[in-house]
Amino acid sequence: MNISEEKIDNALLLKVSGRIDSSTAPDLQSQLMAAIGQAPTILIDLGETDYMSSAGLRVILMGAKACKKDALQFGLCCLQDSVHEVFEISGFLSIIQTFATRDEALQALAG
């Protein structure tokens, strides 16, 4: 797994590529939690993420809750079909904002 950060206006984008599983989720957790508070909007681009385990879902939920607690915007974009299905089956689509494209997410969240 690889994570890159990019500041776009008042949003911090975390672009994650590769697999998010029990061995890589701690790295995502530490980078995501460090990012919270650096910008009013946190957006995670999962366009190059081809696998998401329950450990990854836990980290995403933890980040979403931390953002909500601090009144920050949080969202996901560009989910591949297999990852989207994991979010759908887990019920996370009803509690975490997801967007088809990065531009759509930035407009909705950081507008």
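Residues numbered from 1 in each chain as written. Predicted model: local features only at pLDDT ≥ 70, side-chain atom pairs only at ≥ 80, totals over all residues. Heavy atoms only, no water.

Quick notes on unusual backbone geometry
In this structure, alanine 71 is a non-glycine residue whose phi angle is positive, near 60°. Relative to the assigned elements, alanine 71 resides in the loop between helix H2 (54-69) and strand S4 (73-77). Positive phi is not limited to glycine here, since cysteine 78 has a value of about 65°. Inspection of the secondary structure puts cysteine 78 in the loop between S4 and helix H3 (81-90). (Helix = DSSP H or I, 4+ residues; strand = E, 2+ residues; numbered from the N terminus.)

Quick word on the packing of helix H1 (residues 25-35) against H2
Across the interface, H1 lies against H2 with an axial gap of 9 Å and an inter-helix angle of 10°. Taken together, H1 and H2 sit at an angle that is classed as roughly parallel. Residues Ala25, Leu28, Gln29, Leu32 and Met33 of H1 form the contact with H2, whose own contacting residues are Ala55, Gly56, Arg58, Val59, Ile60, Met62, Gly63 and Ala66. Of the residues belonging to the contact of H1 with H2, the class tally is 9 nonpolar, 3 polar and 1 charged. (Axes fitted to C-alpha atoms, helices over the stretch in contact; angles between N-to-C directions. Parallel < 35°, antiparallel > 145°, perpendicular 65-115°, else oblique. Contact = heavy atoms within 4.5 Å. Nonpolar A, V, L, I, M, F, W, Y, C, P; charged D, E, K, R; others polar.)

With respect to the environment of leucine 109
Looking at the element boundaries, leucine 109 is found in helix H4 (residues 102-110). Sequence-wise, leucine 109 and proline 40 are 69 residues apart; in three dimensions their C-alpha atoms are separated by 9.3 Å. Contacts of leucine 109, omitting those with residues within four sequence positions, involve Thr41, Leu43, Gln73, Phe74, Gly75, Gln97 and Phe99.

Remarks on the nonpolar core
Membership of the largest hydrophobic core comes to 30 residues, with the highest contact counts inside it found for Ile44, Leu46, Ile60, Phe74, Leu76 and Phe87. When residues of this core are traced back to their parent elements, those giving at least two are strand S2 (11-20), H1, strand S3 (41-52), H2, S4 and H3. Considering each element in turn, this core owes the most residues, 7 residues, to H2. Residues within four places of phenylalanine 74 in sequence aside, it is in contact with Leu32, Ile42, Ile44, Ile60, Gly63, Ala64, Cys67, Ile96, Gln97 and Leu109. Of all hydrophobic cores here, the second largest spans 10 residues; its members include Leu13, Phe99, Ala105 and Leu106. (Core = buried A, V, L, I, M, F, W, Y, C linked by side-chain atoms within 4.5 Å. Buried < 20%, exposed > 50% of the residue type's maximum accessible area, 1.4 Å probe, protein only.)

What about the layout of surface pockets?
Space inside the largest pocket adds up to approximately 200 Å³. Surrounding the largest pocket, Leu61, Ala64, Lys65, Cys67, Lys68, Leu72, Gln73, Phe74, Ile95, Ile96 and Gln97 form its lining. Where the lining of the largest pocket is concerned, the elements lending two or more residues are H2 and S4. By residue number, the principal contributor to the lining of the largest pocket is H2, which donates 5 residues. For the lining of the largest pocket, a count of residues per class yields 7 nonpolar, 2 polar and 2 charged. (1 Å grid on protein atoms, 1.4 Å probe; cavity = no way out; pocket = protein on both sides within 12 Å on 5 of 7 lines; lining within 4 Å. Points joined across faces, edges and corners; volume = space filled by probe spheres on them.)

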